[in-house]
Amino acid sequence: VAEAIKKNSKVASRLLLPYKRTDTAIVNSETSSRVDIALRCGDVKDEPKLFEANFDSSAEDKKQRENADRLYYEDVFALIEVKRHASASDEAGAFEQLVRYTREVYDKQHNRRFAWGLTICGLDLRVCVFGANYILASEKFDLKAESGKRKAAHRLGYDPTVRRLKKLGCWEIDVSILENPGPCSKASARVDTFYSNTVIISADRQFGRLTRCFLAGREKPSSSESVKHIEHQVIIKDAWPEAEMDASNDMRDEVAHLSKIQRLMPDSSNASGAYPALEAGGRVCFSHDPRLRGSDDRVVEDNTRSLIGEIFDAINESEGDNREAVSPQINRIPYRVHKRIATSPIGEPLRRLESILELVIVVADAM
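On a predicted model such as this, the values are computed, not experimentally measured, just so you know. (Residues numbered from 1 in each chain as written. Predicted model: local features only at pLDDT ≥ 70, side-chain atom pairs only at ≥ 80, totals over all residues. Heavy atoms only, no water.)

J.: Outline the overall build of the chain, listing residues and values.
T.: Across its full length, the chain carries 11 helices and 18 strands. Burial statistics for the chain: of 367 residues in total, 40% are counted as buried. Of the accessible surface of the chain, which amounts to about 21,600 Å², a share of 51% is contributed by carbon and sulfur atoms. (Helix = DSSP H or I, 4+ residues; strand = E, 2+ residues; numbered from the N terminus. Buried < 20%, exposed > 50% of the residue type's maximum accessible area, 1.4 Å probe, protein only. Areas by Shrake-Rupley, 256 points an atom, 1.4 Å probe, with all protein chains shown as cover.)

J.: Mind laying out empty space enclosed by the protein, listing which residues take part and the relevant values?
T.: The final tally for this structure, using the stated rule, is 2 cavities of 30 Å³ or more. In this structure, the largest cavity is lined by Arg-113, Gly-131, Ala-132, Asn-133, Tyr-134, Trp-240, Thr-304, Leu-307, Ile-333, Pro-334 and Arg-336. Tallied by class, residues from the lining of the largest cavity come to 6 nonpolar, 3 polar and 2 charged. Considering only enclosed or pocket space, the second largest cavity measures out at about 40 Å³ in volume. His-110, Asn-111, Arg-112, Arg-113, Asp-159, Arg-212, Asp-238, Trp-240, His-338 and Arg-340 are the residues that line the second largest cavity. Across the lining of the second largest cavity, the residue classes break down as 1 nonpolar, 3 polar and 6 charged. (1 Å grid on protein atoms, 1.4 Å probe; cavity = no way out; pocket = protein on both sides within 12 Å on 5 of 7 lines; lining within 4 Å. Points joined across faces, edges and corners; volume = space filled by probe spheres on them. Nonpolar A, V, L, I, M, F, W, Y, C, P; charged D, E, K, R; others polar.)

J.: Which residues make up the side chain of Asp-159, and what values do they have?
T.: Following the sequence through the fold, Asp-159 ends up in the loop between strand S9 (141-142) and strand S10 (162-165). We classify Asp-159 as buried; its relative accessible area is 3%. Polar contacts involving the side chain of Asp-159 include one to the side chain of Thr-161, which spans 2.6 Å. Beyond its immediate sequence surroundings of up to four residues, Asp-159 is in contact with Asn-111, Arg-113, His-338 and Arg-340. (Polar contact = N/O pair within 3.5 Å; in protein donor to acceptor, adjacent residues only side chain to side chain. Contact = heavy atoms within 4.5 Å.)

J.: Go over the packing of aromatic side chains, please, and point to the residues and values.
T.: Taken as a whole, this structure holds 3 aromatic pairs when the rule is applied. When the ring of Phe-77 is compared with that of Tyr-158, the centres are 6.2 Å apart and the planes differ by 40°; the resulting orientation is tilted. On the criterion of sequence distance, the pair formed by Phe-77 in the loop between helix H2 (59-69) and strand S5 (78-83) and Tyr-158 in the loop between S9 and S10 is long-range, its members being 81 residues apart. Under the relative-accessibility criterion, Tyr-158 is labelled partly exposed at 23%. Look at Phe-114 and Trp-116: their rings are 6.1 Å apart centre to centre, the planes differ by 70°, and that puts the pair in the edge-to-face class. Taken individually, Phe-114 and Trp-116 each receive the classification buried, so the pair is uniform in this respect. (Phe/Tyr/Trp six-rings, centres within 6.5 Å; stacked < 30°, edge-to-face > 60°.)

J.: Quick rundown of the pairing of strand S6 (residues 115-121)? Include the residues and the values.
T.: Here S6 lies mainly inside the structure; 7 of its 7 residues are buried. Residues Ala-115, Gly-117, Thr-119 and Cys-121 point to one face of S6 and Trp-116, Leu-118 and Ile-120 to the other, with burial holding for every one of them. Direction of pairing for S5 relative to S6: parallel, over a ladder of 6 bridges. Bridge pairing in S6 places Ala-78 opposite Trp-116. Handedness of the crossover joining S5 and S6 through helix H3 (residues 88-108) is recorded here as right-handed. (Pairing = 2+ DSSP bridges. Right-handed = clockwise from strand over helix to strand, strands pointing away.)

J.: Describe the pattern of salt bridges, listing the residues and the values that go with them.
T.: Where charged atoms from two side chains of opposite charge come close, those side chains can pair. Under the defined criterion, the tally for this structure stands at 23 salt bridges. Between Glu-104 and Lys-108 there is a salt bridge, with its nearest N and O atoms 3.8 Å apart. Here Lys-108 and Glu-104 lie together in helix H3, a separation of 4 residues that amounts to about one turn. What makes Glu-104 buried here is its relative accessible area of 2%. Looking at Lys-108, the relative accessible area reads 15%, which means it is buried. The network of salt bridges with common partners includes Asp-250, Asp-253, Arg-283, Glu-301 and Lys-339. (Salt bridge = Lys/Arg side-chain N within 4 Å of Asp/Glu carboxyl O.)

Written as structure tokens, this is what we have:
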């Protein structure tokens, strides 16, 4: 199998594989629940080792084998819930479990834009997409029919601008540097890169802004040991707020507000202590991989519509045949834009306040 993967690596760039253990507990789960099947996803060039016995009989290699068999939410691509029958109660139970488990995928994976999940009840399969304000479920695929053996969509839900550096044990995060708000383009897609070993807030909710906050520095660690000593220079906030489609008319954009303050108050001493300093920030943009798209390399903005396309238009249509074709009972999906901002200096956590008076002073200063 490993040789077959190497020979076909020009055709397939990624490989999806199930963990060999089923109906198993996840090591760092917040609950004692057991998932039926978990899928992992990786680059083809790195995956042949999954099929090869690279461990000998030494104690160290035995420990490596045991660790490799353990399941962590950080390594899960998608979860599959399986029920024996295709009854309505089994379908509802499988979907409920999938929603609860996928919340933990968001909580542990800080580079998740959206997530995939599957339910299999009897011979009926559904594919689900979990977003910031929606869960989309496909029609049932009958696994015994030829029409039910289609390939899944190629978009996997990971954020290419946030990368998990496993060997170093930290996160590499790109933050946009946009001179003027506007549509994404190759010219505007400049980034500043930071490195974080400290996550203050994780996106531990299924819906909403999916806010994540990191303490980060600019210098890339040279080793796993040096990661412990990253000099935190900025705080990075990553979120999916509701926004205007036209970035130039987005009056609630905090990057635009801080940028305006810095233009009006070029002397940083005037703003020091009153406003955070904007180090970088903007709407998250990235290039589509032309190998997947079959087209030229395009820079796109990460937003609700770029994720689900015409489904967004159909659901949010106020009237007409398109909305009826989806379902008149479906609530409209808010238009959310993926934004990221890096600011300094790093303040103190509110939990360090020692009195109500201090809290009142902090709130007054913030206002």
